[in-house]
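Close look at the chain arrangement
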Amino acid sequence: MDVTVSELMELFLQSPLVTWVKTFGSFGSGNQDNLTMYMDLADGIFLNQIMLQIDPRPTNQRINKHVNNDVNLRIQNLTILVRNIKTYYQEVLQQLIVMNLPNVLMIGKDPLSGKSMEEIKKVLLLVLGCAVQCERKEEFIERIKQLDIETQAGIVGPYTGGDPQPGERV
């Protein structure tokens, strides 16, 4: 049975990692439809804002706040995000990311595909790894504890049971 893109998107938006991202405020609030909410993630604007809460150091990066479905602007935002994540792991956490980095070109060029959703999931996983290890980790972990038990288990699932963590000590 073939799954439609809208069904994949709906499942993705109900996933534990996206539920966690929704704890950061304006994302997913109000009457946004699934496509708008998903594109807010795929455009990288909201995730860059979360990363700035985790690591306020990179202030010279200009995030394009009005992507308007422009592939190049989306790729630029996601490239900045992944670069900031990688830098944070290396410089602050003293960890090397051992998983394949998210494919920002795939997300940028074809955001509404199952493969792109998997790549965005990698981004969310890396951001989560930063959040639960940063100076404000107690605050971010408390947000996770406020979620229902199933969602909590889904969030910590990637860190248990044999799956590699995004970062590993250098």
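Residues numbered from 1 in each chain as written. Predicted model: local features only at pLDDT ≥ 70, side-chain atom pairs only at ≥ 80, totals over all residues. Heavy atoms only, no water.

Relative to each other, helix α4 (residues 45–54) and helix α5 (residues 71–92) sit at 25°, their axes nearing to 9 Å. Put simply, α4 runs roughly parallel to α5. Taken as a pair, α4 and α5 cross one another with a handedness that is left-handed. Within the contact between the two elements, α4 uses I45, L47, N48, M51 and I54 and α5 uses N77, I80, L81, N84, I85 and Y88. Considered class by class, the residues forming the contact of α4 with α5 number eight nonpolar, three polar and no charged. (Axes fitted to C-alpha atoms, helices over the stretch in contact; angles between N-to-C directions. Helix = DSSP H or I, 4+ residues; strand = E, 2+ residues; numbered from the N terminus. Parallel < 35°, antiparallel > 145°, perpendicular 65-115°, else oblique. Left-handed = near helix turned anticlockwise from the far one by under 90°. Contact = heavy atoms within 4.5 Å. Nonpolar A, V, L, I, M, F, W, Y, C, P; charged D, E, K, R; others polar.)

The biggest cluster of nonpolar side chains holds 43 residues, and the ones touching the most others in it are F12, W20, Y38, I54, I85 and L124. For this core, the secondary structure elements donating two or more residues are α1 (5–13), α2 (16–21), α3 (34–42), α4, α5, α6 (104–109), α7 (114–131) and α8 (137–145). Once residues within four sequence positions are removed from consideration, W20 is found in contact with L124, V127, L128, A131, F140, I144, L147 and I155. (Core = buried A, V, L, I, M, F, W, Y, C linked by side-chain atoms within 4.5 Å. Buried < 20%, exposed > 50% of the residue type's maximum accessible area, 1.4 Å probe, protein only.)

Once that is clear, we can look at the pattern of salt bridges. In total, this model carries six salt bridges according to the counting rule given. R74 is paired through a salt bridge with D43; the nearest N and O atoms lie 2.9 Å apart. Remark: D43 occurs in the loop between α3 and α4 and R74 occurs in helix α5; sequence separation between them is 31 residues. In terms of burial, R74 and D43 fall into one category: buried. E91 is paired through a salt bridge with R57; the nearest N and O atoms lie 3.3 Å apart. Of the two residues, E91 is situated in helix α5 and R57 in the loop between α4 and α5; the sequence distance between them amounts to 34 residues. Connected through shared salt-bridge partners, D55, R57 and E91 make up one network. (Salt bridge = Lys/Arg side-chain N within 4 Å of Asp/Glu carboxyl O.)

Following the sequence through the fold, S116 ends up in helix α7. Assessed through its relative accessible area of 0%, S116 is described here as buried. Side-chain polar atoms of S116 contact the backbone oxygen of D110, separated by 2.5 Å. Setting aside its immediate chain neighbours within four residues, S116 contacts Y38, M106, I107, D110 and P111. (Polar contact = N/O pair within 3.5 Å; in protein donor to acceptor, adjacent residues only side chain to side chain.)

The next thing to look at is α3. Those residues of α3 that sit buried are M37, Y38, M39, L41 and A42. Residues of α3 that are buried sit in contact with α1, α2, α4, α5, α6 and α7. Between the side-chain oxygen of the N-cap and the backbone nitrogen of L35 there are 3.0 Å, and the N-cap of α3 in question is D33. Backbone geometry just after α3 places G44 at a positive phi near 80°.

Read these as layout, nothing more, since geometry by itself doesn't imply function.
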